[in-house]
Each structure stands twice: as C-alpha cells, then as structure tokens.
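What follows is each chain in one-letter form.
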Amino acid sequence: MKIQYVILSNLLKNEAFMRKVSAFIQPDYFEDKTERSLFEKTIDYIQKYNTQPTAEVLKIEFQNDNLEPNAVQEAHNLVDAL
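Residues numbered from 1 in each chain as written. Predicted model: local features only at pLDDT ≥ 70, side-chain atom pairs only at ≥ 80, totals over all residues. Heavy atoms only, no water.

Draft legend 1. Just the overall build of the protein, in detail. When helices and strands are counted, the protein shows five helices and zero strands. Taken from N to C terminus, the helices and strands of the protein fall in the order α-α-α-α-α. Relative to its length of 82 residues, the protein is compact, with a C-alpha radius of gyration of 12 Å against a globular reference of 12 Å. Relative to its full complement of 82 residues, the protein shows a buried share of 35%. (Helix = DSSP H or I, 4+ residues; strand = E, 2+ residues; numbered from the N terminus. Rg over C-alpha atoms; globule rule 2.2 N^0.38 Å. Buried < 20%, exposed > 50% of the residue type's maximum accessible area, 1.4 Å probe, protein only.)

What follows is the structure in structure tokens.
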C-alpha cells in the first residue's frame, strides 16, 4: 500500500491522526493528480468545518468540479478504496 493511501485513509477515518497531522502534510506529498485533489478537498473541508468529510461529501465535491466523467469516476473509485 502506498504511503499516500495511508495518509488519506487516516485523514478520513482516524480523528486523532487528522487533528495531529493535517496542518503539517503538504499537497506536494501527492504526485498523483487525483490523490492530490482528494487531499486538498479533505483539508479544505477540515479547515472549514473542523471535522472529517464523509465519502459522500467528497464524491459530491468531485462532481461539482466539472471534471471529465473519467476523472470523476477515478476520484470516486479512490474514495471508495480508502
């Protein structure tokens, strides 16, 4: 498993991890465009609402980005995999 998946998964599912490290993780850690986008959406949500986003919220955010259908599906698959 890639370290990026571990980071993303813990940001979404482990509140203690999210609270301790979210301020220190940089988008540059994510080379894959979809992973970086998911990270940025997750961090934006955390900063705005002070809580973790659900998978459904993230999927809606990707749909609202006016991405190509393949990119949206790839993002949804990544969210589901985590």
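Draft legend 2. Main features of the packing of aromatic side chains. According to the stated counting rule, one finds two aromatic pairs in the structure shown. Ring centres of Phe30 and Phe39 lie 4.8 Å apart, and the angle between their planes is 25°; this geometry places the pair in the stacked category. For the pair formed by Phe30 and Phe39, the shared burial category is buried. Across the ring face of Phe62, the terminal group of Lys41 is positioned such that the distance to the ring centre comes to 5.1 Å. (Phe/Tyr/Trp six-rings, centres within 6.5 Å; stacked < 30°, edge-to-face > 60°. Lys NZ or Arg CZ within 6 Å of the ring centre and 35° of its normal.)

Draft legend 3. Summary view of the side chain of Thr42. Looking at the secondary structure, you find Thr42 in helix α3 (residues 33-49). Within the local environment of Thr42, its side chain forms a polar contact with the backbone oxygen of Leu38, the two atoms lying 2.8 Å apart. If we ignore the near neighbours within four places in the chain, the residues touching Thr42 are Leu11, Leu12, Pro53 and Leu58. (Polar contact = N/O pair within 3.5 Å; in protein donor to acceptor, adjacent residues only side chain to side chain. Contact = heavy atoms within 4.5 Å.)

Draft legend 4. Examining the side chain of His76 more closely. By secondary structure assignment, the location of His76 is in helix α5 (residues 69-81). According to the relative accessible area criterion, His76 is buried, its value standing at 12%. If we skip the residues at most four places from it in the chain, His76 touches Lys59, Phe62 and Gln63.

Draft legend 5. Spatial organisation of the nonpolar core. If you look at the biggest cluster of nonpolar residues, it comprises 17 residues, and the most contacted ones within it are Leu8, Leu11, Phe30, Leu38, Phe39 and Leu82. The set of elements that each furnish at least two residues to this core consists of α1 (3-13), α3, α4 (55-63) and α5. In this structure, Phe30 is in contact with Gln4, Ile7, Leu8, Ile25, Glu35, Arg36 and Phe39, ignoring residues within four places of it in sequence. (Core = buried A, V, L, I, M, F, W, Y, C linked by side-chain atoms within 4.5 Å.)

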